[in-house]
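Tertiary structure, described
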Amino acid sequence: MHLDWTPRQSARHTARVLFFFALLAGWLTGVPSWAGAVQDIKVQGDRVVIHFNEPVRQASAFVLAGPQRIALDLDGATPGATARAGGAVANIRQGARDGDGARIVFDLAEPAIVTEGSFGRDGKTLTLELRTVDDSQFARAAAEGKMRFLPPFTYLQPSAHHSYSESVAVPARSRPAPLPRIYGNDDSRPLVVIDAGHGGHDPGAIGPTGLREKDVTLAVAKAIRDQLVASGRVRVALTREDDRFLILQERFGIARRLGADLFISVHCDSAGNPTASGATVYTLSETASDKEAARLAARENKADILGGVDLGGENPDISSILIDLTQRETMNMSASFARVLGREAQPLIPIKANWHHMASLMVLKAPDMPSVLFETGYISNNSDAEFLASTDGQKRVAQTVRRAVEIHFATRNSNGNVRMAAR
C-alpha cells in the first residue's frame, strides 16, 4: 500500500506570502526550500504523530511484508533523533534517502496498516491513523497499489483567485517486451516457458552471504532449459536470458503471446527464520491457502512497484469476480502439475512435506495457460543457498522439472489434449 499526503493551507496570509518568497528564493538559488527536520515521533494508541521544525511538502507511506513494517518517505526532509515506539509499533528507525529526503521505518509488533494521513495547517505536523489487521489483510494491503490523499496544495495561494498548479509529464506506454528465442524447431511439440524471477534493478531476496535471488533464478532457468531441450520432447523459451527487469504482466504475457502450453516461474524463498528450508510449489487462488502463501504473494506482487510500475491500481473488484470456467480448468491443470512436480522433487532436492500452496500471485494470472511458481528453496538458509548456487544443485532442480514436464504432457497426451513428441 502506498499513501501520499500534501499539507493543507496555512492560516495566515502573511505566512503564505513569506513562504512564497522563500520558495522563490529557493528556486532562484537552486536550493530546496523544503528542509524540515524530524523533531519528534510519538505513537499514541492507534495514531503516529510526527513533528518537523519546518514545513514538509509531501509524505508517502508503503506497507511492506517480510518482515511486517511501514515505511514513510518524506520529501525534502532530514531525519531526526527522538522517536518513541508503542502499541503496534515495536521499533522506529530513521535514515537519509538518496537525494533529498528522509525515510522512517516503523517495525510492527503486530500487523497494522495506515488508513489515513493528514498534515497540520502549518505543514509541520503529520498524523498517521493506524488500524490493526490480521495477517491475510496485511498481505493484501502490502500487495495493493497506492492510495492518494491530495487536499489542495495552497501554500502558494495568496488569495482565492491565484492558484498553484504542477504539471508532470506522463510517460508513454512502453512497448511490449520482444519475444524470446524458442529452442526446438518442431511446432508439434508443446512449448514450455521458463521465467527466471526478478532481474535488473530488482535483485529479489538476498541471502546472508550476499547471494542474490535474481542470479540464482537465471542460472536455474538455464539449467532447466538445457535439460528440457536435451530431452527432445518439448520446445522451450526463457522470459529472460540475461540480467534484465520485466514487470509481472510481461512475464506471463510473453508466454501467452508465444502460445505456451505450460508456464513455470522460478524463484527462491526467504524468511526471517534462518532454519526455514525446502522447495514449495505455488498455484493460483484468489484466497491464500495459509499465512505463508499470503506473505509470499505480498512480497512477489510488489516486484512491479520496485520498477515504478503500479499494477495495484486496478479496480479491486476485478480480482473478486468469479473465475470463469476456462480459468477454473487452467487452475486444475496447474494444480495437477504442481503435485507431479513436488512428487518428482522428493528424491532429488530438499522439499517441504507440504509442498503445494495456493496464493493470488500476479505472475500466475494468465486465464488460459497452466502456470506454477516454483520456490526452489530458501536463499535465507545457508544449506539451501549453497545447494542452489552449486552446479549440482541446479542440475537436480532441472532434472526435477524435466521429469515433471514429461509426465505432465504424457498424461495430457493420453487424454488427447496435447500431442507430445516421441523419443
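Here is what the cut-offs are and how they apply
- Residues numbered from 1 in each chain as written.
- Predicted model: local features only at pLDDT ≥ 70, side-chain atom pairs only at ≥ 80, totals over all residues.
- Heavy atoms only, no water.
- Pairing = 2+ DSSP bridges.
- Helix = DSSP H or I, 4+ residues; strand = E, 2+ residues; numbered from the N terminus.
- Contact = heavy atoms within 4.5 Å.
- Axes fitted to C-alpha atoms, helices over the stretch in contact; angles between N-to-C directions.
- Phe/Tyr/Trp six-rings, centres within 6.5 Å; stacked < 30°, edge-to-face > 60°.
- Lys NZ or Arg CZ within 6 Å of the ring centre and 35° of its normal.
- Salt bridge = Lys/Arg side-chain N within 4 Å of Asp/Glu carboxyl O.
- Buried < 20%, exposed > 50% of the residue type's maximum accessible area, 1.4 Å probe, protein only.
- Arc of directions from axis to C-beta.
- Polar contact = N/O pair within 3.5 Å; in protein donor to acceptor, adjacent residues only side chain to side chain.
- Core = buried A, V, L, I, M, F, W, Y, C linked by side-chain atoms within 4.5 Å.
- pLDDT = per-residue confidence, 0-100.

1. Some points on the sheet that holds strand β19 (residues 371-378)
Here we have 7 strands laid out as an open sheet, ordered β13-β15-β14-β16-β19-β17-β18, and mixed in their pairing. Bordering the open sheet on either side are β13 (182-183) and β18 (351-359), each of which pairs with just one other strand. Pairing of β13 with strand β15 (residues 235-238) involves 2 bridges; the strand directions are antiparallel. If you follow Tyr-183 over to β15, its bridge partner there is Val-236. Lying over the sheet, helix α9 (residues 382-389) contacts β16 (262-269) and β19, oriented at roughly 115° with respect to β19.

2. A short note on the packing of aromatic side chains
Counted under the stated rule, the structure contains 0 aromatic pairs. Across from the ring centre of Tyr-183, 5.0 Å away, lies the NZ or CZ of Arg-225, which sits over that ring.

3. Structural notes on the pattern of salt bridges
Within the structure shown, the criterion is met by 17 salt bridges. We note a salt bridge from Arg-343 to Glu-344, for which the minimum N-O separation is 3.3 Å. Salt bridges linked by common partners bring Asp-40, Lys-42 and Arg-84 together as one network.

4. Focus: α9
Within α9, the full set of buried residues consists of Asp-384, Ala-385, Phe-387 and Leu-388. The buried residues of α9 occupy one face: seen down the axis, they fall within an arc of 165°. Structural note: α9 exposes Asn-382, Ser-383 and Glu-386 on the side pointing more than 90 degrees away from its buried face. A distance of 3.0 Å separates the backbone nitrogen of Ser-383 from a side-chain oxygen at the start of α9, and that oxygen is part of Asn-381.

5. What about the environment of Tyr-282?
Relative to the helices and strands, Tyr-282 is located in strand β17 (residues 279-284). Its relative accessible area of 0% is what places Tyr-282 among the buried residues. Tyr-282 sits 74 residues away from His-356 along the chain, and the two C-alpha atoms are 6.0 Å apart.

6. Structural notes on the environment of Leu-179
With respect to the helices and strands, the residue Leu-179 is situated in the loop between β12 (146-148) and β13. In contact with Leu-179, other than residues within four places in its own chain, are Ile-254, Arg-257 and Leu-258.

7. A closer look at the nonpolar core
Side chains that are nonpolar tend, in soluble globular proteins, to be buried together. Val-192, Ile-194, Ile-264, Phe-374 and Val-405 are the most contacted members of the largest nonpolar core, which has 40 residues in total. Once residues within four sequence positions are removed from consideration, Ile-264 is found in contact with Val-192, Val-193, Ile-194, Asp-195, Phe-337, Val-372, Phe-374, Val-401 and Val-405. Counting residues in hydrophobic clusters, the runner-up holds 32 residues, among them Leu-72, Phe-106, Val-114 and Leu-130.

8. Some thoughts on the pairing of strand β3 (residues 47-52)
Relative to β3, strand β2 (residues 36-44) runs antiparallel, the two sharing 6 bridges. In the sheet register, Val-43 faces β3, and the bridge partner there is Val-48. Joining the antiparallel neighbours β2 and β3 is a turn of 2 residues, in which Gly-45 adopts a positive phi near 65°.

9. Re the confidence of the model for the protein
Overall, the prediction assigns the protein a mean pLDDT of 77, with 71% of residues at 70 or greater. In this model, residues 17-34 is a region of pLDDT below 50 whose contacts with residues beyond four sequence positions or in other chains number 22 contacts. When the criterion is pLDDT under 50, residues 419-423 qualifies, and its contacts beyond four places in sequence or with other chains add up to 17 contacts.

10. Some points on unusual backbone geometry
Positive phi values are uncommon outside glycine, yet His-198 reaches one of about 65°. Mapped onto the secondary structure, His-198 falls in the loop between β14 (191-196) and α3 (213-231). Take His-198: its relative accessible area is 6%, and that puts it in the buried class.

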